[in-house]
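# A look at the structure
The lines below spell out each chain.
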Amino acid sequence: MKCERCRFAPPVDAEGFQDECPFFNEHGKEYKDGSYGCTMNYQTLQKLQDEHDEYLAAFADDWGTKEDFKRKGWNYRHAIENMMHMIGMWPEGLRHAYKRHGKIFYKPYRNYWSGNNKYLDYFSGALGIVEKTEPTSEGKQPFYRLTDYGLKYLGRQLDVKIWPEED
């Protein structure tokens, strides 16, 4: 795709200068007519852009959550351990993650927490990481479970691919 037709090419400023395309160093070439472009098609560029946008959004969420915990004086590692316990990864040695082709995977065999927990209450708010179910009768405890987004969030914190629950 030629750079002048690519919507991913950096814009030209008022003086006529243009930043270099991030894809050009690896996939760029010069055509016979003297114009420049890259060997990637539109769909591949769109996929790479979407992955990058998703990475930046996840990084912002993770950083904001850690800073919020620090501001409140809470223990972030303890909250992660609680979520690991929800899916059976904590304490260490109960169920192990496995490694395939250089990546680490984990298949949860449960996904629940019964009882009050301030960390899980925080994650059950607008973040959408944990679902909270209030008790139906008095004297019962609330019930928490990780959402699919929560499994991805926990996986990012541990650098592990956590499979979603099976129906």
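One can find the structure itself at the top, above this paragraph.
Notes on the structure in this doc start here. (Residues numbered from 1 in each chain as written. Predicted model: local features only at pLDDT ≥ 70, side-chain atom pairs only at ≥ 80, totals over all residues. Heavy atoms only, no water.)

### Some remarks on the sheet that holds strand β7 (residues 143-146)
- Read from one edge of the open sheet, three strands run β5-β7-β6, paired in antiparallel fashion. Two strands in the sheet have a free side with no partner beyond their single neighbour: β5 (113-114) and β6 (130-133).
- Pairing of β5 with β7 involves two bridges; the strand directions are antiparallel. The residue bridging Trp-113 from the neighbouring strand is Tyr-144, located in β7. (Pairing = 2+ DSSP bridges. Helix = DSSP H or I, 4+ residues; strand = E, 2+ residues; numbered from the N terminus.)

### Considerations on the packing of aromatic side chains
- This model, assessed by the stated rule, comprises 13 aromatic pairs.
- Centre to centre, the rings of Tyr-55 and Phe-59 are 6.4 Å apart; their planes meet at 25 degrees, and the pair counts as stacked. Residue Tyr-55 and its partner Phe-59 are located together in helix α2 (residues 42-72), separated by four residues, close to a single helical turn.
- Look at Tyr-55 and you get exposed, because its relative accessible area is 53%.
- Ring centres 5.9 Å apart and planes at 90 degrees place the aromatic pair Trp-74 and Tyr-122 in the edge-to-face group. (Phe/Tyr/Trp six-rings, centres within 6.5 Å; stacked < 30°, edge-to-face > 60°. Buried < 20%, exposed > 50% of the residue type's maximum accessible area, 1.4 Å probe, protein only.)

### Section: the sheet that holds strand β3 (residues 98-100)
- Read from one edge to the other, the open sheet built from three strands follows the order β3-β4-β8, with strand pairing classed as mixed. Edge positions in the sheet fall to β3 and β8 (161-162), since each has one partner strand and no second.
- Alignment of strand β4 (residues 103-106) against β8, held across two bridges, turns out to be parallel. For Phe-105, the partnering residue across the bridge sits in β8 and is Lys-161.

### Quick look at the packing of helix α3 (residues 76-86) against helix α5 (residues 148-158)
- Two elements in contact, α3 and α5, have axes whose closest approach is 11 Å; the angle formed by their N-to-C orientations is 125 degrees. Accordingly, the angle class assigned to the pair α3 and α5 is oblique. Note that α3 runs across α5; the crossing there is left-handed. Residues Tyr-76, Arg-77, Ile-80, Met-83 and Met-84 of α3 touch α5, and the partners they reach there are Tyr-153, Leu-154, Gln-157 and Leu-158.
- Split into classes, the residues belonging to the contact of α3 with α5 amount to seven nonpolar, one polar and one charged. (Axes fitted to C-alpha atoms, helices over the stretch in contact; angles between N-to-C directions. Parallel < 35°, antiparallel > 145°, perpendicular 65-115°, else oblique. Left-handed = near helix turned anticlockwise from the far one by under 90°. Contact = heavy atoms within 4.5 Å. Nonpolar A, V, L, I, M, F, W, Y, C, P; charged D, E, K, R; others polar.)

### Describing a negative patch on the surface
- A surface patch of negative charge is lined by Asp-50, Glu-51, Asp-53 and Glu-54.
- Structurally, the position occupied by Glu-51 is in helix α2. (Patch = residues over 30% accessible without salt bridge, like charges linked within 9 Å, V, L, I, M, F, W, Y side chains within 5 Å. Areas by Shrake-Rupley, 256 points an atom, 1.4 Å probe, with all protein chains shown as cover. Salt bridge = Lys/Arg side-chain N within 4 Å of Asp/Glu carboxyl O. Lys, Arg positive; Asp, Glu negative; His and termini not counted. Charge placed at Lys NZ, Arg CZ, Asp CG, Glu CD.)

### Considerations on α5
- Here α5 has its buried residues at Gly-150, Leu-151, Tyr-153, Leu-154, Gly-155, Gln-157 and Leu-158.
- Its buried side turned inward, α5 meets α2, α3, α4 (118-123), β7 and β8.
- Backbone geometry just downstream of α5 places Asp-159 in the positive-phi region, at approximately 60 degrees.

### Topic: the environment of Tyr-122
- Inspection of the secondary structure assignment puts Tyr-122 in helix α4.
- In this structure the C-alpha to C-alpha distance between Tyr-122 and Ala-79, which are 43 residues apart in sequence, comes to 9.8 Å.
- If sequence neighbours within four positions are ignored, Tyr-122 has contacts with Thr-65, Asp-68, Phe-69, Lys-72, Trp-74 and Leu-127.

### Regarding a nonpolar patch on the surface
- Taken together, the side chains of Tyr-55, Leu-56, Phe-59 and Trp-63 define a hydrophobic patch exposed on the protein surface, amounting to about 490 Å² of accessible area.
- By secondary structure assignment, the location of Trp-63 is in helix α2.

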